[in-house]
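Residue-level structural notes
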Amino acid sequence: MRSTFLLILNLTVLSCTAQTKDTLAEKVLVYQLPNGGWGKHVDKTAVDYSLPIDKVLLSKIKASGDDHATIDNNATTKEITILIKAYQSTKNPSYLKSAEKGINYLLTMQYTNGGFPQYYPNSAIYRKQITYNDNAMINALSILYNTAEGKNGFEIIDENLKIKSKSAVEKGIDCILKTQFVQKEKPTIWGDQYNEITLKPEKARAFEPASLASAESVSIVKFLMMQPQNPEIEKAVKSAIQWFKTNKIEGYSYNVVKKDNKAVRTLAADKNSVIWARFYDLETNKPIFGDRDGSIKYNYSEVSAERRNGYSWFVDSPKKLIDKDYPTWLANNNLTE
């Protein structure tokens, strides 16, 4: 009986030990860079956590340096979230330690004015710009907001990091309010990227002109709606909503289908649909479209076929923001239009 009991006990201990590891999180640990961030590429290939880590891939990962660390394409913020979820289910301290190192990286990369560059410490070309593009800065601030507030599993983060994160979020909101683009004393929405010193909108890649960016501005407004309200935030949100209402494009839909493993994007007449251009001229609010050669087009059909199908030029996300999120926000905060 004693030997049977010991056997069962040993099997139980082994089982519990096995459960302290998460396959995805284990890979995330391997990909983490020395400075605490993560890259989106390994040897010019997009990071793919479904791939087994063999000796060749491991050597490429280890050859990656801190210059690859970024918040672009959900990098770093995605990994921190994975690790927090893995820690919740396994209580493996390695996952929490790695997540906290990632949060420290976000705190370190933030500019004193509250903005976040796309990469850090790599400051080449547009990588040092304050970047809202693809929600980079908002993703970073969302992680820090969850940390500061102890929400969505982040309640287990070190108290000192929570304090630092709260300050970082406050600085970030200040930067957001300062970068809302103003036309003739009237706040509008936000650009994709900004000069990190002047806080003026700037172009990034050749086909990403300095402009007002609709998709990213939706995420910015939703983030502001999460915050304790004050007159500055209220004005920013209401101004952005008004801009979206004024600059919608009625009677068109924008559809994306896969053909031969390639995206085919089509702008078509649709009397029941409303969309917004991805980019708008900073002064006239006219839809604009960039191309590989750096040119700006005012007619979507004039964009090269490669860029027309290789980039998302219209969005419909402002519709939900206007129809659902905004009324809910007004009601929750006892505000009127």
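What comes next is a walk through the structure.

**What about the overall build of the protein?**
- Secondary structure assignment for the protein yields eleven helices and 13 strands.
- The C-alpha extent of the protein, read off along each of the three principal axes, is 80 × 50 × 40 Å.
- A sequence separation of at least 24 residues applies to 66% of the contacts in the protein between residues at least 6 apart.
- Accessible surface computed for the protein: about 17,300 Å², of which carbon and sulfur atoms make up 53%.
- Distance between charge centroids for the protein: 3 Å, based on 45 positive and 38 negative side chains.

**Things to note about unusual backbone geometry**
- Along the chain, Tyr120 connects to Pro121 via a cis peptide bond; the corresponding omega equals 10°.
- Note on placement: Pro121 falls in the loop between α5 (93–109) and β3 (130–131).
- Backbone geometry places Lys44, a non-glycine residue, at a positive phi of 70°.
- In this fold, Lys44 is placed in the loop between β1 (41–42) and β2 (45–46).
- Phi is positive for Leu199, which is not a glycine, with a value near 60°.

**Digging into the packing of helix α7 (residues 159–179) against helix α8 (residues 214–225)**
- Contact pair α7 / α8: the axes reach a minimum separation of 12 Å and the direction vectors enclose 130°. Here α7 is positioned oblique relative to α8, judged by the angle of their axes. As for how α7 packs across α8, the hand of that crossing is left-handed. Of α8, the residues touching α7 (which contributes Val169, Ile173 and Ile176) are Ile220, Phe223 and Leu224.

**Some thoughts on α7**
- Over its 21 residues, α7 extends 30 Å from the first C-alpha to the last, a length consistent with the 30 Å expected when each residue adds 1.5 Å.
- Along α7, the residues that are buried comprise Leu161, Lys162, Ser165, Ala168, Val169, Gly172, Ile173, Cys175, Ile176 and Thr179. Buried residues of α7, viewed axially, fall in a sector of 160°; they line one side. Seen from the open side of α7, the exposed residues pointing more than 90 degrees away from its buried face are Glu159, Ile163 and Lys178.
- Turning to α7, the residues buried within the fold contact α5, β3, α6 (136–149), β6 (193–194), α8 and α9 (231–246).

**A word on the pairing of strand β11 (residues 287–290)**
- Pairing between strand β10 (residues 279–280) and β11: two bridges, direction antiparallel. Its bridge partner being in β11, Tyr280 is matched across the sheet by Pro287.
- Between the antiparallel neighbours β10 and β11 lie six residues, among them Asn285 with a positive phi of about 65°.
- As paired elements, β11 and strand β12 (residues 296–297) share two bridges and run antiparallel to each other. Bridged to Gly290 within β12 is Ile296.

**Observations regarding the sheet that holds strand β13 (residues 314–315)**
- If you walk across this open sheet you meet the three strands as β8-β9-β13, and the pairing is antiparallel. Since the sheet does not close on itself, it has two edges, and those belong to β8 (249–259) and β13, each with one partner.
- As judged from the two bridges shared by strand β9 (residues 262–277) and β13, these two strands associate in the antiparallel manner. Within the sheet, the bridge partner assigned to Trp276 lies in β13 and is Val315.

**What about the environment of Asn139?**
- Looking at where Asn139 falls in the secondary structure, it is placed in helix α6.
- Apart from residues lying up to four places away in sequence, Asn139 is in contact with Asn74, Thr77 and Asp134.
- Within the structure, Asn139 has its side chain in polar contact with the side chain of Asn74 (distance 2.8 Å).

Calculation rules
- For every chain, the first residue of its written sequence is number 1, and the numbers climb from 1 along that sequence.
- Local features in this predicted model are restricted to residues whose pLDDT is 70 or higher, and side-chain atom pairs enter the listing and the counts only when it is 80 or higher, whereas totals over whole chains, interfaces and linings include all residues.
- Excluded from the side-chain calculation are hydrogens and water; included are all heavy atoms of the structure.
- Numbering of helices and strands runs from the N terminus; a helix is a DSSP stretch of H or I covering at least four residues, while a strand is a stretch of E covering at least two.
- Any two residues whose heavy atoms approach within 4.5 Å at even a single point are treated as in contact.
- In short, Shrake-Rupley with a 1.4 Å probe defines the accessible areas, and a residue's cover is counted only from the protein chains shown.
- Positive charges come from Lys and Arg, negative ones from Asp and Glu, while His and the chain ends are left out of the count.
- The atoms used to mark charge sites are NZ of Lys, CZ of Arg, CG of Asp and CD of Glu.
- Angles run from 0 to 180 degrees between N-to-C directions of axes, and those axes are lines fitted to C-alpha atoms, restricted for helices to the stretch in contact.
- Each angle receives one of four descriptions, namely roughly parallel if under 35 degrees, roughly antiparallel if over 145, roughly perpendicular if within 65 to 115, and oblique otherwise.
- Here a crossing is called left-handed whenever its near helix is offset anticlockwise from the far helix by less than a right angle, and right-handed whenever the offset is clockwise.
- Helix span, expected: 1.5 Å multiplied by one less than the number of residues in the helix.
- Per-residue accessibility, obtained with a 1.4 Å probe over protein chains only, is compared with the maximum for each type, and a residue is labelled buried under 20%, exposed over 50%, and partly exposed between these values.
- This arc describes the spread of directions from the helix axis toward the C-beta atoms.
- The pairing criterion for strands is at least two bridges between them, as found by DSSP.
- Pairs of N or O atoms within 3.5 Å make up the polar contacts considered here, provided that, within protein, one atom can donate a hydrogen while the other can accept it, and that residues adjacent in sequence are counted only when both atoms are side-chain atoms.

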